[in-house]
Amino acid sequence: MSLLQQLLALHRVDVQVRSLRSRLEQADRFLAGQQRQLDELLAQRTDVENQRRQLQAQAATMEVESKSIDARVQRLRNDLNQSGNTKQYNAILCEMKSIEAQKDAIDEQALGILERVEQTSKRLEGFEPLLAERTRLRDAAKAECAQRRQDTSERLGELERERAAAAAQVPADAMSLFDEVADLHDGEAMSEVEVIDARHREYACSACNTEIPLALYARLAGDTGKVVQCVSCKRILHMAASVVAETARKR
Ligand SMILES: [Zn+2]
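In this convention, every chain numbers its residues from 1, walking through the sequence in written order. The model is predicted, so local features are restricted to residues of pLDDT at least 70 and side-chain atom pairs to those at 80 or more, both for listing and for counting; the totals for chains, interfaces and linings are taken over all residues. Hydrogens are left out, water is left out, and the side-chain values use all remaining heavy atoms of the structure.

Draft legend 1. Broad picture of the pairing of strand E2 (residues 202-205). One ladder, built from 4 bridges, connects strand E1 (residues 190-197) with E2; its direction is antiparallel. Residue pairing for E2: Val 195 is matched across the bridge by Tyr 203. In short, DSSP must find at least two bridges between two strands for them to pair. A run of H or I in DSSP counts as a helix once it spans at least four residues, and a run of E counts as a strand once it spans at least two, with each numbered from the N terminus. Taken together, E1 and the strand that follows it, E2, pair antiparallel across an intervening segment of 4 residues, in which Arg 201 is found at a positive phi of about 50°.

Take a look at the structure:
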């Protein structure tokens, strides 16, 4: 087998390996995207949960404060009953009124916070159907990934062994060039020479339509055992099978 025939054999199996791998990668990327969206939603819910916890803590602190004021008022009421004179009585009454006003303010504030706790709880409930839907989508993507792996693993293993066998035939420098160009063009490493006008010796790269300089064409036609690349897209050029047969017949 000539070097070009070896490369074409490699290319045939390489394209199949790449296509199967890309199907798997596509499913993996989709799953990663679904997982990311689910994680974002979970993080949002955690934020709201933290907000609610803080509000609940504030409300609890205020309740304690309010109760301690109640106790003080109770003590003052006792003092009031035992007060010896009007001046003392009025002073105690005045203090009671002042701290009762404080308590009213605290209770009002606490009420506002409890309302916010309730609103936050409602927001948290709103997350449930969204999370259920996101989880369902993530699980479906996960199942699709597993299914694709299962469907392709045997065939992919076979193809990878075939590819390794084909690659073993190709010299190292041509191999690394092939991989480089294949990566550049999503696996399309090879391009057939297109005959534009045989009489005027006009040829082009069928992949990118760039004209092939005559010297380059001559090198390829001469079958020197060297790889010839398109000057523009860098794909490895090869002749159509019919042209190769025709050339061989004329020799
Ligand atoms: Zn080209």
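Draft legend 2. Focus on the coordination of the zinc ion. Nitrogen, oxygen and sulfur within 2.8 Å of a metal are treated as its donors, or within 3.2 Å for sodium, potassium and calcium (Na, K, Ca); water is not counted, so a site can appear incomplete. Here the zinc ion is held by Cys 205 (SG), Cys 208 (SG), Cys 230 (SG) and Cys 233 (SG), and the distances to it run 2.2 to 2.3 Å. One chain supplies every donor for the zinc ion, spaced along it as C-x2-C-x21-C-x2-C. In this pair, the class of Cys 230 matches that of Cys 233, namely buried. The cut-offs for exposure are 20% and 50% of the maximum accessible area for each residue type, with area from a 1.4 Å probe on protein chains only; residues under the lower value are buried, those over the upper are exposed, and the others partly exposed.

Draft legend 3. View of the nonpolar core. Formed by 34 residues in total, the largest nonpolar core has its most connected members in Leu 7, Leu 10, Phe 178, Val 193 and Leu 237. Elements that contribute at least two residues to this core include exactly helix H1 (3-81), helix H2 (86-168), helix H3 (172-184), E1, E2, helix H4 (214-221) and strand E3 (236-238). When residues in this core are grouped by element, the largest group, 8 residues, is from H1. Each of two domains, domain 1 (3-168) and domain 2 (174-250), supplies a minimum of three residues to this core. Any two residues having at least one pair of non-hydrogen atoms within 4.5 Å are treated as being in contact. Apart from the residues lying within four places of it in its own chain, the contact partners of Leu 7 are Val 170, Ala 174, Phe 178, Met 190, Val 227 and Ile 236. The set of buried Ala, Val, Leu, Ile, Met, Phe, Trp, Tyr and Cys residues whose side-chain atoms join them within 4.5 Å is what this entry labels a nonpolar core. As annotated, the domain borders come from an automatic or database domain assignment.

Draft legend 4. Focus on empty space enclosed by the protein. Every definition here rests on a 1 Å grid over the protein atoms only: cavities are sets of points where a 1.4 Å probe fits but cannot get out, pockets are open sets enclosed by protein on both sides within 12 Å along at least five of seven lines, and lining residues have some atom within 4 Å of a point. Grid points are joined across faces, edges and corners, and a volume is the space filled by probe spheres set on the points. For the coordinates displayed, the defined rule picks out 1 cavity of 30 Å³ or more. Estimated volume of the largest cavity: approximately 60 Å³. Around the largest cavity, the lining residues are Leu 3, Leu 4, Leu 7, Arg 219, Leu 220, Asp 223, Thr 224, Gly 225, Lys 226 and Val 227. For the lining of the largest cavity, the secondary structure elements donating two or more residues are H1 and H4.

Draft legend 5. Inspection of H4 at higher detail. Those residues of H4 that sit buried are Leu 216, Tyr 217 and Leu 220. Axial view of H4: buried residues confined to an arc of 100°, hence all on one face. Buried residues belonging to H4 abut H1, E1, E2 and E3. Just downstream of H4 lies Asp 223, where phi reads positive at about 50°. Within this analysis, the arc is defined by the directions that extend from the helix axis to the C-beta atoms.

Draft legend 6. A look at H2. Along H2, the largest kink reaches about 45° and is centred on Thr 152. The backbone nitrogen of Lys 87 has a side-chain oxygen 3.2 Å away, supplied by the residue at the start of H2, namely Asn 85. Think of it this way: the bend at a residue is just the angle between two axes, each fitted to seven residues, one set ending at that residue and the other starting at it. Counted as a polar contact is a pair of N or O atoms within 3.5 Å, where, for protein atoms, one must be capable of donating a hydrogen and the other of accepting one, and residues adjacent in sequence contribute only when both atoms are in side chains.

Draft legend 7. Quick peek at the packing of aromatic side chains. Each Phe, Tyr or Trp ring, with Trp reduced to its six-membered ring, pairs with another whose centre is within 6.5 Å; inter-plane angles below 30 degrees give stacked pairs, above 60 give edge-to-face pairs, and intermediate values give tilted ones. Taken as a whole and assessed by the stated rule, the structure comprises 1 aromatic pair. Their ring planes at 0° and their centres at 3.6 Å tell us that Tyr 203 and Tyr 217 sit as a pair that is stacked. Of the two residues, Tyr 203 sits in strand E2 while Tyr 217 sits in helix H4, which places them 14 residues apart along the sequence. For Tyr 203, a relative accessible area of 7% corresponds to the buried category.

Draft legend 8. Examining the pattern of salt bridges more closely. For this document, the term salt bridge refers to a Lys or Arg side-chain nitrogen within 4 Å of an Asp or Glu carboxyl oxygen. Summed over the entire model, instances satisfying the criterion amount to 17 salt bridges. When the shortest N-O distance is used, the salt bridge between Asp 70 and Lys 103 registers 3.2 Å. Residue Asp 70 is found in helix H1, and its partner Lys 103 is found in helix H2; the two are separated by 33 residues along the sequence. A residue is classified by how much of its surface remains accessible, and Asp 70, at 36% relative accessible area, is partly exposed. Ionic pairing is found between Arg 136 and Glu 133, a salt bridge with its closest N-O pair at 3.0 Å. Remark: Glu 133 and Arg 136 occur in helix H2; sequence separation between them is 3 residues, near one turn of the helix. A residue is classified by how much of its surface remains accessible, and Arg 136, at 47% relative accessible area, is partly exposed.

What is shown is where atoms sit, not what they do.
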